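# Coordinate inspection notes
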Amino acid sequence: MAVPAYGVVALVLIGAVYSFSHRPPPAFPPTQVHPDKLLVNGLAQSGKRLIAAGELGHILVSDSPDGPWRESKIEPSRGSTFTRAAFIDDKTALAVGHDGWIVRSSDGGETWKEVAFDPQRPDPLLNVAGPFDGKLYAMGAFGLLLTSSDQGQTWQPGTLAIEGEGASAAPSAEAPPAEADPNADPFANFSESAGGDSSADRHLNAMISTPDGSLLLVGERGVVLQSRDSGVSWKKLDTGYAGSFFGAIAAGERVLVYGMRGNAFWSADAGATWTRSKVPVKVSLFSGTALPSGDIVLVGDNNTVLQSKDGGATFTVASEAATRGLAAGLAEVLVLPDGSLLTAGDTGITRRAINGAGNGAAP
């Protein structure tokens, strides 16, 4: 009568031993990167190599705008969002983001090393520019400006020495008062409400080198600054608009600045005078590029792609997209060798042809 009971006990013991015995874990499929489901803020290219930087510290790399895209290795890995990326030579690239985070790659974007990070100051870096006369610039919120003279390996705090800053001057009879911007960031206007104001305290969004060799720095609440001495000193330029500028483009002998609610201005005399561009839509414009043909392309909210064939004087809608709305903004644009565009934003990375020739999401 005890034999069946012993048999049951033996079976239980064998089952227990098997259950807890070591076995190799099952093979998991490789992690899939979905560039159409990732917020991407920055694009950069060098030859065939493309890099895309975005949310939660992700950087993707590809040798074709049609993919496949693969994840780069970043040391250390953090969750801070990247805002922009740039190649500074054929193989060296930089990406900047929140918490003053800067990472650097010397192998075309395959691997990245952290070169700056400041969790005590969570203000984001919003762009990186250069090298201009051997100097790199990283700029961001509330006048944050960093410079590097060793190809981005080390960074030092920079300052904005602005001519006439803080001096009271009577308004010019020839120049109308600047247009107020009701959508400006209220948290960045504290100095004005306190009785003082400084251009150096406003968000700094982009910097370019202009055809005459000077530097142009644009930012929040009408900031357009020009330097003719490699960033040692800056002069305020007046476009007549007090809203935020998010970017600038040098195209031929002209310079174009663009920003909130479809506002764009061009200058053909090194910033001495500005003319408002004719833009068909009132959406914020976040990035732009000049095509080999001399045309200018701007992208922004609501999946908007605009094109100008007259140096930025007038723009038309260049590409219609099926996905529109508040969660369909475009943050960055590159022109590809075949004349098509690579755009990035809330809906990831998209290759598209302008003038309605067709759209395609990067696989």
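Residues numbered from 1 in each chain as written. Predicted model: local features only at pLDDT ≥ 70, side-chain atom pairs only at ≥ 80, totals over all residues. Heavy atoms only, no water.

As enumerated under the stated definition, the model contains 12 salt bridges in all. Among the salt bridges present, the one from Lys113 reaches Glu75, with a minimum N-O distance of 2.5 Å. With a gap of 38 residues between them, Lys113 in strand β9 (residues 111-116) and Glu75 in strand β5 (residues 73-75) connect regions that are remote in the sequence. What makes Glu75 partly exposed here is its relative accessible area of 33%. One salt bridge in this structure joins Asp338 and Arg351, with 2.4 Å as the shortest N-O distance. Of the two residues, Asp338 is situated in the loop between β26 (330-335) and β27 (341-345) and Arg351 in strand β28 (residues 348-353); the sequence distance between them amounts to 13 residues. Taken together, the salt bridges that share partners define one network made up of Arg49, Asp63, Arg70 and Glu110. (Salt bridge = Lys/Arg side-chain N within 4 Å of Asp/Glu carboxyl O. Helix = DSSP H or I, 4+ residues; strand = E, 2+ residues; numbered from the N terminus. Buried < 20%, exposed > 50% of the residue type's maximum accessible area, 1.4 Å probe, protein only.)

We now examine the confidence of the model for the chain. Residues of the chain with pLDDT of at least 70 account for 77%, and the chain-wide mean is 84. Every residue in residues 166-178 scores below 50 in pLDDT, and together they form 5 contacts with partners more than four places removed in sequence or on other chains. Low pLDDT, under 50, characterises residues 356-363; the predicted model gives this stretch 22 contacts beyond four residues in sequence or across chains. (pLDDT = per-residue confidence, 0-100. Contact = heavy atoms within 4.5 Å.)

Let's shift gears to the layout of surface pockets. Reported here for the second largest pocket is a volume of approximately 770 Å³. For the second largest pocket, the lining is made up of 31 residues, of which Val128, Met207, Ile208, Gly288 and Glu332 are closest to its centre. Looking at the lining of the second largest pocket, the elements with two or more residues in it are β1 (40-46), β6 (82-87), β10 (125-132), β14 (204-209), β18 (245-251), β22 (285-290) and β26. Here the residues of the lining of the second largest pocket are counted per class, giving 21 nonpolar, 8 polar and 2 charged. (1 Å grid on protein atoms, 1.4 Å probe; cavity = no way out; pocket = protein on both sides within 12 Å on 5 of 7 lines; lining within 4 Å. Points joined across faces, edges and corners; volume = space filled by probe spheres on them. Nonpolar A, V, L, I, M, F, W, Y, C, P; charged D, E, K, R; others polar.)

With that settled, the discussion passes to the pairing of β26. A large share of β26 lies buried, amounting to 6 of its 6 residues. As paired elements, β26 and β27 share 5 bridges and run antiparallel to each other. Counterpart to Val333 in the pairing with β27 is Thr343. Hairpin connection from β26 to β27: 5 residues lie between these consecutive antiparallel strands, with Gly339 at a positive phi of about 90°. (Pairing = 2+ DSSP bridges.)

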